[in-house]
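# Residue-level structural notes
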Amino acid sequence: MPRSQVPLIDLGPWRTGRPEERRLVAARVDEALRAAGFLLVAGHGVDPELPRRIREAARTFFRLPAAAKAPYAVAVGGRGWLGPGAEANSYAEGEASPPDLKESWSWAAEEPTGIASVDAEWFRPNAWPAEVPALRPPVTEYLAAMRALSDELLELLATALGLDPDHFTRHTGHPTWGFNVNWYPGTETVGPPLPGQFRIGAHTDFGTVTVLDREPGTGGLQIHTDEDGWQDAPYDPAALTVNIGDLMARWTGDRWRAGRHRVLPPPAEAPAEELISLVYFYECDPHTRVEALPAPLGRIAHEPVDSHVHLRAQLDAITVPAGAPEEDPAAGQAGPGE
């Protein structure tokens, strides 16, 4: 994929540069989000040891026998283990497909607002695997870094549109967010991919910004644009991958496109490939009224939506129904340690 469509943005000049340097950074962001909805972000200041420690601990959990992981099983949107067959992201686009070839551990916002109905749906306590106590300290530190970085990115996005810097962050005083550690094992665990089956099927994210720490791989991330179709996403080991979701695209009246993407299945030429991605989904305060920016900034005058009515509908859409015929394509296949 041309780097011009997914540029590497160094946050250094944005944070400390002269007004002209900041203007140039903002202009590059606007251009990239209009083209593909994706950026690479360097100079973010996140300690690279944190993702390494999270991956090391998470790998220990994911390699446990299925019986040890089963007590932590949750549905999409829950806090805990999403096992094989739980999720099919292509459903969000109305496309039938086998479930995604991955497992995840999911966390989400938990500090209560004091509004009982909101807290019951969106701010419940997180779960932690007792078998891997080493996971909690780096995840806790990483989540704090992701929250701060996401708000900074929203300020950059507002500036790129010529708006007040707090145009979006005024709606993130008590936001929801989700954090997934996605495990993409090889074919010895998941078996050969079924027709149309991916590690994650084609979709756009649902919220405002997504911040991804990924590992490069043959069966890795691809990005779709109208101009180039599906292309391998560019990778820089010092950078985080950032994309916008449906809410932000809608907020901008489709000036910016939600970044459409997928993760390829385990490759035939590298069947043992194993990858772990750290995915932070940022949203906004519950029940924010998301209203499209008017022309000339916005292109399409969408009807206003309730942010979290939208989010709940999308989470429900990607949930594989219990008992679906294709629910667990790995049934009968032994995982590691079994």
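Just above sits the structure.
### Focus on the pairing of strand S10 (residues 240-244)
The element S10 is largely enclosed, with a buried count of five among its five residues. Bridge analysis of strand S7 (residues 209-213) against S10 gives four bridges, and the strand direction is antiparallel. Within S10, the residue paired with Val211 across the bridge is Val242.

### Brief notes about the packing of helix H2 (residues 19-35) against helix H6 (residues 136-160)
Put simply, H2 and H6 touch, their axes get as near as 8 Å, and they point 90° apart. Classified by the angle their axes make, H2 and H6 are roughly perpendicular. In contact with Val25, Ala26, Val29, Asp30 and Leu33 of H2, H6 contributes Leu156, Leu157, Thr159 and Ala160. Taken together, the residues of the contact of H2 with H6 sort by class into seven nonpolar, one polar and one charged.

### Side note on the nonpolar core
The nonpolar side chains of soluble globular proteins are, as a tendency, buried together. If you look at the biggest cluster of nonpolar residues, it comprises 68 residues, and the most contacted ones within it are Trp107, Tyr142, Leu157, Phe179 and Val181. In terms of residue count, the dominant contributor to this core is H6 (11 residues). If you look at the next biggest cluster of nonpolar residues, it comprises 15 residues, including Leu40, Tyr184, Ile200 and Ala233.

### Examining the packing of helix H3 (residues 49-62) against H6
Following both chains from N to C, one finds H3 and H6 inclined at 140°, their axes separated by 9 Å at the closest point. Taken as axis vectors, H3 and H6 run oblique relative to one another. Note on packing geometry: the crossing formed by H3 with H6 is left-handed. Between H3 and H6, the residues in contact are Leu50, Pro51, Arg53 and Ile54 and Pro137, Pro138, Val139, Glu141 and Tyr142, respectively. Residues belonging to the contact of H3 with H6 are distributed by class as follows: seven nonpolar, no polar and two charged.

### Overview of the pattern of salt bridges
Inspection of every chain in the model, using the stated rule, returns 19 salt bridges. With a shortest N-O distance of 2.8 Å, Glu20 and Arg23 are connected by a salt bridge. With Glu20 and Arg23 both in helix H2, this residue pair falls three residues apart, about one helical turn. Accessibility expressed as a relative area gives 47% for Arg23, which makes it partly exposed. The partner of Lys69 in a salt bridge is Glu103, and the shortest N-O contact between them spans 2.9 Å. With Lys69 in helix H4 (residues 66-69) and Glu103 in strand S4 (residues 103-108), the pair connects residues that are 34 residues apart, well separated along the chain. Here Lys69 matches Glu103 in class, with each residue buried. One salt-bridge network, in which partners are shared between bridges, spans Asp30, Arg34 and Arg255.

### Structural notes on H2
Counted at 1.5 Å a residue, the expected span for H2 with its 17 residues is 24 Å, and the 25 Å between its end C-alpha atoms agrees. Residues Val25, Ala26, Val29, Asp30, Ala32, Leu33 and Ala35 constitute the buried set of H2. For H2, the elements touching its buried residues are strand S1 (8-10), helix H1 (11-16), strand S2 (38-42), H6, strand S8 (221-225) and S10. Gly37 lies just past H2 and shows a positive phi near 80°.

### Describing the sheet that holds strand S11 (residues 260-263)
Taking strand neighbours across the sheet as the criterion, the four strands line up as S6-S11-S8-S9 in an open arrangement whose pairing is antiparallel. Edge positions in the sheet fall to strand S6 (200-203) and strand S9 (229-232), since each of these pairs with one other strand and no more. Ignoring strand direction, the axes of neighbouring strands in this sheet form an average angle of 25°. Of the pairings in the sheet, the one linking S6 to S11 comprises two bridges and is antiparallel in character. Bridge pairing in S11 places His203 opposite His261.

### Comments concerning the packing of aromatic side chains
Evaluation of the coordinates by the stated rule reveals 12 aromatic pairs. Taking the centre distance of 5.0 Å and the plane angle of 90° together, the rings of Phe61 and Trp105 count as edge-to-face. Here Trp105 lies in strand S4 and Phe61 lies in helix H3, a separation of 44 residues in the sequence. Each of the two residues, Phe61 as well as Trp105, counts as buried. Both rings, one in Trp177 and one in Tyr280, keep their centres 5.8 Å apart while their planes meet at 25°; by these two values the pair is stacked. Here the residue Trp177 occupies a position in strand S5 (residues 177-184), and Tyr280 occupies one in strand S12 (residues 275-282), the gap between them amounting to 103 residues. Clustering of aromatic rings is evident, with ring pairs tying together Phe61, Phe62, Tyr72, Trp105, Trp107, Trp128, Tyr142, Phe179 and Trp183.

### Comments concerning H3
Taking 1.5 Å per residue as the helical rise, H3 with its 14 residues ought to reach 20 Å, and the 20 Å between its terminal C-alpha atoms agrees with that figure. Among all positions in H3, only Leu50, Pro51, Ile54, Arg55, Ala57, Ala58, Phe61 and Phe62 are buried.

What counts and how
Within any chain, residue numbers begin from 1 and follow the written order of that chain's sequence. Side-chain atom pairs in this predicted model are given and counted only at pLDDT of 80 or more, local residue features only at pLDDT of at least 70, and totals for whole chains, interfaces and linings cover all residues. To obtain the side-chain values, all non-hydrogen atoms of the structure were included, while hydrogens and water were left out. Buried means the residue's accessible area, taken with a 1.4 Å probe over protein chains only, is under 20% of the maximum for its type, while exposed means over 50%, and partly exposed covers the values in between. Note on conventions: DSSP H or I runs of at least 4 residues are helices, E runs of at least 2 residues are strands, and numbering of each starts at the N terminus. Note: two strands are recorded as paired if DSSP finds a minimum of 2 bridges between them. Here, axes are lines fitted to C-alpha atoms. For helices the fit covers the stretch in contact, and angles between N-to-C directions go from 0 to 180 degrees. Oblique is the label for every angle not falling under 35 degrees (roughly parallel), over 145 degrees (roughly antiparallel), or within 65 to 115 degrees (roughly perpendicular). Note on definitions: a residue-residue contact is assigned when non-hydrogen atoms from the two residues lie within 4.5 Å. Note on residue classes: Ala, Val, Leu, Ile, Met, Phe, Trp, Tyr, Cys and Pro are nonpolar, Asp, Glu, Lys and Arg are charged, and everything else, Gly too, is polar. Residue types Ala, Val, Leu, Ile, Met, Phe, Trp, Tyr and Cys, when buried and joined through side-chain atoms within 4.5 Å, form a set referred to as a nonpolar core. Crossings are assigned a handedness: left-handed for a near helix turned anticlockwise from the far helix by less than a right angle, right-handed for a clockwise turn. Put simply, a salt bridge is a Lys or Arg side-chain nitrogen that is within 4 Å of an Asp or Glu carboxyl oxygen. By this rule, a helix spans an expected 1.5 Å times one less than how many residues it contains. Centres within 6.5 Å are what make two rings of Phe, Tyr or Trp a pair, Trp counting through its six-membered ring; a difference in plane orientation under 30 degrees is then read as stacked, over 60 as edge-to-face, and the rest as tilted.

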